[in-house]
Amino acid sequence: MSKNICFIDGLEGVLKYREVDIKELVELPYDAVSYLLIRGELPGEQELAEYSARLHAERGINREVLDIIRMCNFNIDAMEALRTVICFISQFDPDLNDSSPEGNMRKAIRLIAIVPTIVATYYRMANGKEPLPPDPSLSHGANFLHMIKGSKPDPLDAEVMEKDFILSAEHELNASTFSSRVTASTMSDLYSAVVSGLCTLKGPLHGGARAEVMTMLNEVASPENAEKFVLGKIAQKEKIMGFGHRVYKTYDPRGAIFKQLAKKLAESRGDMHWYATAEAIENVVIRELVEKRGKPIYPNVDFYSGVIYKYMEIPPQLATSIFAIGRISGWIAHCFDQYDRKKIIRPRAFMLDEC
Ligand SMILES: CC(C)(COP(=O)(O)OP(=O)(O)OC[C@H]1O[C@@H](n2cnc3c(N)ncnc32)[C@H](O)[C@@H]1OP(=O)(O)O)[C@@H](O)C(=O)NCCC(=O)NCCS
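If you look the protein up in an unreviewed UniProt entry, it shows as Citrate synthase from Methanosarcina siciliae T4/M. Listed in UniProt under the heading Sequence similarities (unreviewed entry), the comment for the protein reads: "Belongs to the citrate synthase family." Checking UniProt for the protein, the heading Catalytic activity (unreviewed entry) contains the comment "oxaloacetate + acetyl-CoA + H2O = citrate + CoA + H(+)".

So, in structure tokens, the structure goes:
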């Protein structure tokens, strides 16, 4: 693959997937961004139509998968069910051990297409509702909302969901992508590499931070409590979820877009409560950590996305799996790159001190 999968300038707050700025990418459909990531170039109109049609055709799940989901524990995070089901379905993929570029592309399309359906089906069953089949006329974001809510989504909600998937799709060698790459570097199959990514994403210092942000918003409850809450966390030397980043030492560009989307949702609902609570937390964090202590701790991708889920009435149990729905295209892009390299990743133990 010729172009770099991802470029981040952590000091200037720049993020590009394959040389296209994230501000341009969020205006595209998720399918186009997914195509860009796994194939290396933006699709033309015809290519996008064909790619979307292939994704839409692979969205459905069969009776066996429904039975497996039915056997899951419905009191836990959807990530557990997602990991279990991906492990289960890999055995039945006719291309499981076809590691040719064509075989890998067929698996990639099946995986990207089916993950939202697994998450939505689990969610509906966990809430005592009949699972809904995917709607091939809807975009990736709109279809997911339709499958969890049971009705055609409001256009703004669908737009926000689509942008969420795009903003979550890729971020260079973050922990879960690194995991996926390590698995792919052994020439293990794509399902195994995706499961590695899922297992790593769920931790609270990575994708799990989104759910923690939602819990924190509930705890803070209103803008007036933000000051006391943040000062308490700092005094206890505890991390404030949704803030800070290993690479960004300025505002995370994804966090800035999520903030705009959160404001738009709040205004559209005529209810600024959660947005104002989040902004109050942000203001105290920036005053205390950035301005007074000189630490570059700004909202990251997980902070205002947590606010969005409050408005869209998406529960914390789904937050990390929504991240996974977006990120799977990035994992796969990295796995393809790793397969081309045909070289195992094997760091030495002393390198852990650098992490
Ligand atoms: C993302 C994260 C893991 C990056 O970690 P890191 O690069 O290893 O940075 P460190 O944990 O070494 O933190 C560096 C300093 O900033 C402080 N810091 C970092 N994130 C902080 C946060 N969210 N709240 C308060 N202080 C924070 C640390 O306490 C540390 O201070 P010190 O130098 O006085 O000890 C970290 O910022 C974090 O845990 N954030 C909260 C979880 C989160 O939102 N994760 C999603 C990431 S996209």
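Further remarks concern the overall build of the protein. What the protein contains, in helices and strands, is 16 helices and three strands. A compact globule built from 355 residues should have a C-alpha radius of gyration of about 20 Å, and the protein, at 20 Å, falls within 12% of that. With the C-alpha coordinates aligned to their principal axes, the bounding extent of the protein is approximately 55 × 50 × 40 Å. A burial count over the protein gives 55% of its 355 residues as buried. Put simply, of all contacts in the protein between residues at least 6 apart along the chain, 74% involve residues at least 24 apart.

Residues given the UniProt feature "active site" (unreviewed entry) here are His245 and Asp302. A stretch of 58 residues holds the annotated residues, and the largest C-alpha distance among them is 10.5 Å, short enough that they meet in one place. Within the fold, His245 resides in the loop between helix H12 (226-235) and helix H13 (253-269). Since its relative accessible area comes to 24%, His245 is described here as partly exposed. Apart from residues no more than four positions distant in its own chain, His245 is found in contact with His171, Asp252 and Arg254. A polar atom in the side chain of His245 sits 3.3 Å from the backbone nitrogen of Tyr248. If we skip the residues at most four places from it in the chain, Asp302 touches His206, Gly207, Ala209, Arg210, Val213, Gly242 and Phe323.

What surrounds the ligand is a group of 16 residues, the closest being Lys239, Ile240, Phe243, Arg246 and Lys295. Within the backbone of Gly242, an N or O atom sits 2.9 Å from an oxygen atom of the ligand. Between the ligand and Asn300 there is a distance of 2.9 Å, counted from an oxygen atom to a side-chain nitrogen or oxygen. Out of a free accessible area of 860 Å², the ligand has 66% covered by protein chains.

Turning to the side chain of Glu282, a few remarks are in order. Among the secondary structure elements, Glu282 is positioned in helix H14 (residues 273-292). Owing to a relative accessible area of 4%, Glu282 belongs among the buried residues under this scheme. Contacts of Glu282, omitting those with residues within four sequence positions, involve Phe243, Tyr251, Lys259, Pro299, Phe303 and Tyr304.

Turning our eyes to something else, we now look at the sheet that holds strand S2 (residues 14-17). The three strands are arranged S1-S2-S3 in an open sheet whose pairing can be described as antiparallel. A strand with exactly one partner marks an edge of an open sheet, and here the two such strands are strand S1 (6-9) and strand S3 (20-21). When S1 meets S2, the two strands line up antiparallel, connected through four bridges. What sits directly across from Cys6, in S2, is Tyr17.

Our next topic: the nonpolar core. Within the largest apolar cluster, 113 residues are counted, with the highest numbers of intra-cluster contacts made by Ile86, Ile281 and Ile332. If one sorts the elements of this core by residue count, helix H6 (residues 101-126) sits on top with 14 residues. Here this core spans two domains, since at least three of its residues come from each of domain 1 (6-204 + 318-341) and domain 2 (209-311). Setting aside its immediate chain neighbours within four residues, Ile281 contacts Met216, Leu217, Val220, Ala226, Val230, Ile240, Phe243 and Phe303.

Calculation criteria
Residues numbered from 1 in each chain as written. Predicted model: local features only at pLDDT ≥ 70, side-chain atom pairs only at ≥ 80, totals over all residues. Heavy atoms only, no water. UniProt positions renumbered as here; feature names shortened; annotations may be inferred. Helix = DSSP H or I, 4+ residues; strand = E, 2+ residues; numbered from the N terminus. Rg over C-alpha atoms; globule rule 2.2 N^0.38 Å. Buried < 20%, exposed > 50% of the residue type's maximum accessible area, 1.4 Å probe, protein only. Contact = heavy atoms within 4.5 Å. Polar contact = N/O pair within 3.5 Å; in protein donor to acceptor, adjacent residues only side chain to side chain. Near = heavy atom within 4 Å. Areas by Shrake-Rupley, 256 points an atom, 1.4 Å probe, with all protein chains shown as cover. Pairing = 2+ DSSP bridges. Core = buried A, V, L, I, M, F, W, Y, C linked by side-chain atoms within 4.5 Å. Domains from an automatic or database assignment.

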